[in-house]
Amino acid sequence: MQSQIKLHLAAIPSGGQTDDPFYSCSAMPLRMAQVQKFGMNQGCLLVQSASHYLAHIELFEYKLEQQANIHFSVNEPSFFMYANLNQNSCWLCYRPAGKYQETIASGAHQLLLITFRPDWLIYKCHKMEELKPFTAFYRNAESAYNTLPSFDIAANLFNALRKMDAKGSDLIADADGYVFINHCLNKYYRKLAGQNPTHNYHLEKAAAIARFVRENYASALVDDLSKIADRFMVSERSLARLARLAFGIPLHEQVINLRMASAFSLLSTTNKPIYEIAQLNGYNDPHYFSKAFKKYYGILPKSVQKPSKKLSVQEKITG
């Protein structure tokens, strides 16, 4: 199983696990893993990764002097388990192929990402009643993000990974890898299955909010949190919690993600002018749109824009 994540960062040549000074100061060096180091203006990132036939495991360690936006791509529709040790939070999510952005706060962070082999996860979820609907998103062209609830099991998963690595065996061939991957999924499922009816109600409400945002991200409807809260008969505070349940990120970040993905697609595949693409994605001011686009992607819209076809003199005459 290979990683489905591609970071849009410049890799820094590494001397390997034994002589790389950055690796030596890792909070959790893994003997079984391959190591990559990435440089950023705000700091640096160490990625340790190991493959098993059921999943690809990646440990991300950030050391940032200030908040950073990390741009990455998902190569194929994928199921992920994401565990944030700093917050002791863990959730399952589905992401279609495409470009994404993650905002990381300043400081030191440890994030565990497990990319599951889709056919195996679908098989496992078929036997887990609460997870059956989750796998229905796979390879559905119309599917958008799907994020299941977060539970406080990240510390447990990190400890399990540390114990497995301490045995010093090869993850690819080792049965302990199978045990670890199943442990992560089963631990999460037990938390999910133990939810009460109130939480199930919240899941339904979060799904309704997700549909509303996907259908209206380009309109002003999603810019007024008070009106959205009124629409779904919740407080603004509850709306914020439900949005995180639906997307794993704040509602306004999800709106920006959808708008920017749509704008990038239109810029790269059509000849529409920038001001029109801005309006189609909820930006009445094209200058503000250009600034927002550059902040998100690091380049101006005109750098992505599909060049207009230039007509020859003969084509102009013949029309």
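Residues numbered from 1 in each chain as written. Predicted model: local features only at pLDDT ≥ 70, side-chain atom pairs only at ≥ 80, totals over all residues. Heavy atoms only, no water.

## With respect to a nonpolar patch on the surface
The line we're drawing: Candidate patch residues must exceed 30% relative accessible area and have no salt bridge, after which like charges are joined if within 9 Å and Val, Leu, Ile, Met, Phe, Trp or Tyr side chains if within 5 Å. Using a 1.4 Å probe, the Shrake-Rupley method yields the accessible areas, and only the shown protein chains count as cover for residues. Throughout this description, the term salt bridge denotes a Lys or Arg side-chain nitrogen within 4 Å of a carboxyl oxygen of Asp or Glu. In this text, helices come from DSSP runs of H or I with a minimum length of four residues, and strands from runs of E with a minimum of two, each type numbered from the N-terminal end.
A cluster of nonpolar side chains, Tyr53, Tyr178 and Val179, forms an exposed patch at the surface whose accessible area comes to about 300 Å². Inspection of the secondary structure assignment puts Val179 in helix α4 (residues 175–193).

## Description of the sheet that holds strand β6 (residues 68–74)
Where we set the bar: Note on pairing: two strands pair once DSSP finds at least 2 bridges between them. The angle between two axes is taken between their N-to-C directions and runs from 0 to 180 degrees, where each axis is a line fitted to C-alpha atoms and a helix contributes only its stretch in contact.
Taken in spatial order, the three strands line up as β1-β6-β9 in an open sheet, and their pairing is antiparallel. Since the sheet does not close on itself, it has two edges, and those belong to β1 (5–7) and β9 (98–104), each with one partner. Along the sheet, successive strands turn relative to each other by an average axial angle of 35°, direction set aside. Examined bridge by bridge, β1 and β6 share three bridges and lie antiparallel to one another.

## Considerations on empty space enclosed by the protein
For clarity, the cut-off: Using a grid of 1 Å spacing that covers the protein atoms alone, one calls a set of points a cavity when a 1.4 Å probe fits there but cannot get out, and a pocket when the set is open and has protein on both sides within 12 Å along at least five of seven lines; lining residues are those with an atom within 4 Å of a point. Grid points are joined across faces, edges and corners, and a volume is the space filled by probe spheres set on the points.
Applying the stated criterion to the full structure yields one cavity of 30 Å³ or more. Lining the largest cavity are 24 residues, and of these Phe72, Tyr82, Arg95, Glu102 and Leu113 sit closest to its centre. Within the residue set of the lining of the largest cavity, elements represented by two or more residues are β1, β5 (55–64), β6, β7 (78–84), β8 (89–95), β9, β10 (107–116) and α8 (251–269). Examining the composition of the lining of the largest cavity, we find that four residues originate from one element, β9, more than from any other.

## Topic: α8
Heads up, the condition is: Every helix has an expected span of 1.5 Å times one less than the residues it contains. Each residue is assigned to one of three classes by its accessible area relative to the maximum for its type, calculated with a 1.4 Å probe on protein chains only: buried under 20%, partly exposed between the two thresholds, exposed over 50%.
Over its 19 residues, α8 extends 27 Å from the first C-alpha to the last, a length consistent with the 27 Å expected when each residue adds 1.5 Å. Buried within α8 we find Leu251, Gln254, Val255, Asn257, Leu258, Arg259, Met260, Ser262, Ala263, Leu266 and Leu267.

## As for the side chain of Ser51
Put simply, the rule is: Polar contact is the term for a pair of N or O atoms within 3.5 Å; when the atoms are in protein, one must be able to donate a hydrogen and the other to accept it, and sequence-neighboring residues count only if both atoms are side-chain atoms.
By the secondary structure assignment, Ser51 is in strand β4 (residues 43–51). Within the structure, the side chain of Ser51 is placed 2.6 Å from the side chain of His56, a separation counted as a polar contact.

## Section: the packing of aromatic side chains
The line we're drawing: Only rings of Phe, Tyr and Trp enter the pairing, Trp through its six-membered ring, and a pair is recorded when the two centres are within 6.5 Å. The plane angle decides the type: under 30 degrees is stacked, over 60 is edge-to-face, the rest tilted. Should the NZ of a Lys or the CZ of an Arg lie within 6 Å of a ring centre and within 35 degrees of the ring normal, that charge is described as sitting over the ring.
All chains considered together, the criterion is met by 13 aromatic pairs. Here the aromatic rings of Phe264 and Phe293 are separated by 6.4 Å at their centres, their planes lie at 10°, and the arrangement is stacked. Of this pair, Phe264 sits in helix α8 while Phe293 is found in helix α10 (residues 286–297), placing the two residues 29 residues apart along the sequence. Between the aromatic rings of Phe264 and Tyr297, the centroid separation amounts to 5.0 Å while the plane-to-plane angle is 45°, which identifies the pairing as tilted. Taken together, the residues span a long stretch of sequence, with Phe264 in helix α8 and Tyr297 in helix α10 at a distance of 33 residues. Cluster of aromatic residues (ring-pair linked, three or more members): Phe264, Tyr283, Tyr288, Phe289, Phe293, Tyr296 and Tyr297. Note that Arg259 overlies the ring of Tyr283, its terminal NZ or CZ placed 5.4 Å from the centroid.

## Overview of the confidence of the model for the chain
Put simply, the rule is: Confidence scores per residue from the predictor, reported as pLDDT, run from 0 to 100. Pairs of residues are marked as contacts when any of their non-hydrogen atoms sit within 4.5 Å.
Summarising the model, the chain shows a mean pLDDT of 83, and 85% of its residues fall at 70 or more. Note on residues 310–319: pLDDT is under 50 here. Beyond four places in sequence and across chains, it has three contacts.

## Concerning the layout of surface pockets
Here is the rule we go by: Note on residue classes: Ala, Val, Leu, Ile, Met, Phe, Trp, Tyr, Cys and Pro are nonpolar, Asp, Glu, Lys and Arg are charged, and everything else, Gly too, is polar.
The volume enclosed by the largest pocket comes to roughly 740 Å³. Around the largest pocket, the lining comprises 32 residues; the ones closest to its centre are Gln87, Trp91, Arg244, Gly248 and Ile249. Sorting the residues of the lining of the largest pocket by element identifies β7, β8, β9, β10, α5 (197–216) and α7 (236–247) as the ones contributing at least two each. Broken down by element, the residue count for the lining of the largest pocket peaks at five residues, all from α7. When its residues are assigned to classes, the lining of the largest pocket shows 14 nonpolar, 13 polar and five charged. Looking at the second largest pocket, its volume works out to about 530 Å³.

## Notes on the pairing of β6
Each regular strand displays side chains that alternate between the two surfaces of the sheet. Taking burial as the measure, the seven residues of β6 include six buried ones, the bulk of the element. For β6 and β9, the ladder comprises seven bridges, and the chain directions are antiparallel. Bridge pairing links Ser73 to Lys99 in β9.

## Description of the pattern of salt bridges
A full pass over the atoms with the stated rule returns five salt bridges. Among the ionic pairs, Arg117 bridges to Asp119, the shortest N-O distance being 2.8 Å.

## Side note on the sheet that holds β10
Across the sheet, eight strands lie side by side as β2-β3-β4-β5-β10-β7-β8-β11; this open sheet has antiparallel pairing. Here the strands that pair on one side only, and so sit at the sheet edges, are β2 (10–12) and β11 (146–147). The pairing of β7 with β10 spans six bridges and is antiparallel. Opposite Asn84, over in β10, you have Leu111 as the bridge partner.

## Some remarks on the packing of helix α3 (residues 154–166) against α4
Threshold: Here the angle decides the label: under 35 degrees means roughly parallel, over 145 means roughly antiparallel, 65 to 115 means roughly perpendicular, and every other value means oblique.
Relative to each other, α3 and α4 sit at 175°, their axes nearing to 10 Å. It follows that α3 is roughly antiparallel to α4 by the angle criterion. Listed contacts from α4 to Asn156, Leu157, Ala160, Leu161 and Met164 of α3 are Asp176, Gly177, Phe180, His183, Cys184 and Lys187. Here the residues of the contact of α3 with α4 sort into six nonpolar, three polar and two charged.

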